[in-house]
Amino acid sequence: MQLSDKKATLSFSDGSAPIEFPVYQGSVGPDVIDIRKLYGQSGMFTYDPGFMSTAACESGITYIDGDKGQLLYRGYPIDQLAQNCDFLDICYLILNGDLPDGAQKTEFDSLVTNHTMVHEQMRIFMQGFRRDAHPMAVLTGLVGALSAFYHDSTDITNPHHRHVSAIRLIAKMPTLVAMAYKHSLGQPYIYPKNDLSYTGNFLHMMFATPCEDYKVNEVVERALDRIFILHADHEQNASTSTVRLCGSSGTNPFAAIAAGVGCLWGPAHGGANEACLQMLEELQANGGVAKVGEFMEKVKDKTSGVRLMGFGHRVYKNYDPRAKLMQETCKEVLSALGLENDPLFKLAMELERIALEDPYFVERKLYPNVDFYSGIVQRAIGIPTSLFTAIFALARTVGWIAQWSEMLSDPDYKIGRPRQLYTGSQVRDVPTQR
Ligand code: CMC
């Protein structure tokens, strides 16, 4: 963080003395006004619900330029990463700051591969969940439960312990997500297979059974790997901020990541991929492309409570670069699986075409986000809708844990403690007779 020559001055209309604040520059992107002394000097807080203008931390991991539609992991553009790397390269990059060389990659891949099994008692823990439990409910419980198994790596002040926890979480997440899926089917859990890639192993744990092996399809493996890459980190979004806030109390990493999983579940965040596919399926069942116009009228009518899921973003005011890559993958997967005429894909393309021309969306700068096409890809691969957000959580785990670790190594780190504008009752006495 570098001090700028600029300073910001806050003046008051009641004649109180103005207050001057330092301004810091990042390497790219907006400067920040350091208001940490505001309360001490003025007795006032700032008010910014939804963090519309607030940088809550300093970070060197991910950068988004929402106006340009640009996403960088450690400085590298997402499209170059998606085309030239696999997911474990991205995990290494996000955790360590640079891409691995050949030897580093071999070592890292083997480290993650050797942590994919979960404690056998996790199976017993699973039995407590109903068969129809939502996978995100199961995942929140399972990830939190990991903290009961790994007491040897929960000294959060020790960078080595933090790294071991990161590897464990990245390695075990696919196993847990696949277990949640198998539980819903009533099928036996499938153990990880170390000669497969990270993504190939996940597909194997999802779709193999003890009676029948699963042959990994390369196009499907590449597509899912790309989904993982595109979801790996996204700077200070709601779930990442949740992980940071939860972790700021000094809790163990598994508890902090479980909090992130819970936050991601919501339909305005990671749950949008599930909600988007449900929207497409409902629209298809109720007339399909012919009814798109009518549906769009509902979306624009604020009293209907209907939103075009997979559209809009707090930061992107241009095409989400992940959505472009996802649309490309969608076409590739549908063609490889002989599903070129998939009606949901056609419907999505038509919704996108209309939305990009409609003044409602144009004026509000609403573009497709990553979730608009990812559901169609996952459905084509055979992943059930209810598992989409769990797959997002699997991929985002590396971002969460890297951001958590970055926070703990920041000398300015403090427990997160927002303040409030209190508008409730003033002090009053409890009536003695009621
Ligand atoms: N459909 C219809 N109208 C919308 C939509 C949408 N999907 N998104 C935003 N708007 C309108 C909104 O009604 C508001 O209109 P007005 O100014 O007339 O009141 C305006 O656009 C600004 O919306 P906002 O809700 O104030 O924007 P936000 O930054 O608070 O919300 C969002 C961002 C992602 C929650 C929102 O765009 C949304 O609900 N989208 C649908 C859900 C979705 O796809 N979420 C996935 C986000 S990407 C994956 C991830 O990172 O989790």
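Position numbers for residues start from 1 in each chain and track the written sequence from start to end. Reporting in this predicted model follows two pLDDT cut-offs: at least 70 for local features of residues, and 80 or more for side-chain atom pairs to be given and counted; totals over whole chains, interfaces and linings ignore these cut-offs and use all residues. Just so you know, side-chain values use all the structure's heavy atoms and leave hydrogens and water out.

With respect to the site of the ligand
We count it as follows: Only a single heavy atom is needed: when it lies within 4 Å of a molecule or strand, its residue is near that molecule or strand. Two N or O atoms count as a polar contact when they lie within 3.5 Å, although within protein this holds only if one can serve as hydrogen donor and the other as acceptor, and sequence-adjacent residues are included solely when both atoms are side-chain atoms. Surface exposure here means Shrake-Rupley accessible area, sampled with a 1.4 Å probe, where a residue is shielded only by the protein chains that are shown. Three categories are distinguished: nonpolar for Ala, Val, Leu, Ile, Met, Phe, Trp, Tyr, Cys and Pro, charged for Asp, Glu, Lys and Arg, and polar for the others, with Gly belonging to the last.
Surveying the vicinity of the ligand reveals 21 residues, the closest of which are His-269, Lys-302, Arg-307, Leu-308 and Arg-314. One nitrogen or oxygen atom from the main chain of Phe-311 is found 2.9 Å from a nitrogen atom belonging to the ligand. Measuring from an oxygen atom of the ligand, one finds a side-chain N or O atom of Asn-369 at 2.9 Å. In the complex, 76% of the free accessible area of the ligand, which totals 940 Å², lies under the protein chains. Class assignment of the residues belonging to the shell around the ligand gives a composition of 10 nonpolar, six polar and five charged.

Describing the nonpolar core
Stated formally: Each nonpolar core is a collection of buried residues, namely Ala, Val, Leu, Ile, Met, Phe, Trp, Tyr and Cys, held together in the definition by side-chain atoms within 4.5 Å. Each residue is placed in one exposure class: buried if its accessible area under a 1.4 Å probe, protein chains only, is under 20% of its type's maximum, exposed if it is over 50%, and partly exposed if it falls in between. Strands here are runs of E lasting at least two residues and helices are runs of H or I lasting at least four, both read from the DSSP assignment and numbered beginning at the N terminus. It only takes one pair of heavy atoms within 4.5 Å for two residues to be counted as in contact.
Membership of the largest hydrophobic core comes to 118 residues, with the highest contact counts inside it found for Leu-139, Leu-280, Leu-308 and Leu-351. Per-element accounting of this core gives the leading share, 14 residues, to helix α18 (residues 388–408). Aside from chain neighbours lying at most four places away, what touches Leu-308 is Met-279, Phe-295, Met-296, Val-299, Leu-351, Ala-355 and Phe-361.

Looking at the sheet that holds strand β3 (residues 32–33)
Short version of the rule: Note on pairing: two strands pair once DSSP finds at least 2 bridges between them.
With antiparallel pairing, three strands are arranged side by side in an open sheet as β1-β2-β3. With one partner strand each, in any of the chains shown, β1 (2–10) and β3 form the two edges of the open sheet.

So, the UniProt feature "active site" (unreviewed entry) in the chain
Test applied: UniProt positions are given in the numbering used here, feature names are shortened, and annotations may be inferred rather than shown by experiment. Each cavity reported here is a set of points on a 1 Å grid over the protein atoms alone in which a 1.4 Å probe fits but cannot get out, each pocket an open set with protein on both sides within 12 Å along at least five of seven lines, and each lining residue one with an atom within 4 Å of a point.
Under the feature "active site" (unreviewed entry), the UniProt entry names His-313 and Asp-371. Sequence-wise these annotated residues cover 59 residues; spatially they are packed, their C-alpha atoms never more than 10.7 Å apart. In the annotation above, His-313 are the residues that line the second largest cavity. Looking at the secondary structure, you find His-313 in the loop between α13 (292–300) and α14 (321–336). Note on His-313: relative accessible area 23%, which makes it partly exposed. Sequence-distant contacts of His-313, that is, excluding residues within four places in its chain, are made with His-234 and Arg-322. A polar side-chain atom of His-313 sits 3.0 Å from the main-chain amide nitrogen of Val-315. As for its position among the elements, Asp-371 is in helix α17 (residues 371–381). Residue contacts for Asp-371: discarding those within four places in its chain leaves His-231, His-269, Ala-272, Asn-273, Cys-276, Gly-310 and Phe-392.

A few points about empty space enclosed by the protein
What counts is decided by this rule: Grid points are joined across faces, edges and corners, and a volume is the space filled by probe spheres set on the points.
Using the criterion set out here, one finds two cavities of 30 Å³ or more in the structure. In this structure, the largest cavity spans a volume of roughly 80 Å³. Forming the walls of the largest cavity are Met-117, Val-118, His-119, Glu-120, Arg-123, Thr-175, Met-179, Tyr-189, Ile-190, Tyr-191 and Pro-192. Looking at the lining of the largest cavity, its residues break down into seven nonpolar, two polar and two charged. Lining of the second largest cavity is provided by Gly-312, His-313, Tyr-316, Asn-318, Asp-320, Lys-365, Leu-366, Tyr-367, Pro-368 and Asn-369. Residue composition of the lining of the second largest cavity, grouped by class: four nonpolar, four polar and two charged.

Considerations on the pattern of salt bridges
Threshold: Salt bridges are defined as contacts in which a side-chain nitrogen from Lys or Arg sits within 4 Å of a carboxyl oxygen from Asp or Glu.
Within the structure shown, the criterion is met by 22 salt bridges. A salt bridge links Asp-132 to Arg-130; the nearest nitrogen and oxygen atoms lie 2.7 Å apart. For the pair formed by Asp-132 and Arg-130, the shared burial category is exposed. Of the charged contacts in the structure, one is a salt bridge between Lys-300 and Asp-358, with a shortest N-O distance of 2.6 Å. With Lys-300 in helix α13 and Asp-358 in the loop between α15 (343–357) and α16 (359–363), this pair connects stretches of sequence that are 58 residues apart. Residue classification places Asp-358 among the buried residues on the basis of a relative accessible area of 11%. Here the salt bridges do not stand alone but share partners, grouping Asp-86, Asp-89, Lys-105 and Asp-109 into one network.

Side note on the layout of surface pockets
Size it by volume and the second largest pocket reaches roughly 390 Å³. Lining the second largest pocket we find 28 residues, and of these Asp-86, Phe-87, Thr-199, Glu-221 and Asp-225 sit closest to its centre. Every element with two or more residues in the lining of the second largest pocket is listed here: α2 (78–84), α3 (87–96), α4 (102–113), α8 (198–207), α9 (218–230) and α14. Here the element with the most residues in the lining of the second largest pocket is α9; it accounts for seven residues. Among the residues forming the lining of the second largest pocket, the class breakdown is 10 nonpolar, nine polar and nine charged.

Concerning the domain arrangement of the chain
Applicable threshold: Either an automatic procedure or a domain database provided the assignment from which the domain bounds are taken. By buried area we mean how much accessible surface two parts lose on assembly, using a 1.4 Å probe and totalling the loss over both.
We note that the domain assignment places domain 1 (2–55) and domain 2 (58–419) within the chain. A separation of 35 Å is found between the C-alpha centroids of domain 1 and domain 2. Counting residues at the interface gives six residues for domain 1, matched by four residues for domain 2. In total, domain 1 and domain 2 occlude about 480 Å² of area from one another, counting both sides; carbon and sulfur atoms represent 62% of this. Joining domain 1 to domain 2, the criterion identifies one salt bridge. In this structure, Asp-412 engages Arg-36 in a salt bridge whose closest nitrogen and oxygen atoms are separated by 3.5 Å. For the pair domain 1 and domain 2, the number of links is two residue pairs in polar contact (both at pLDDT 80 or more). Along the lines of polarity and charge, the residues of the side of domain 1 that touches domain 2 split into three nonpolar, two polar and one charged.

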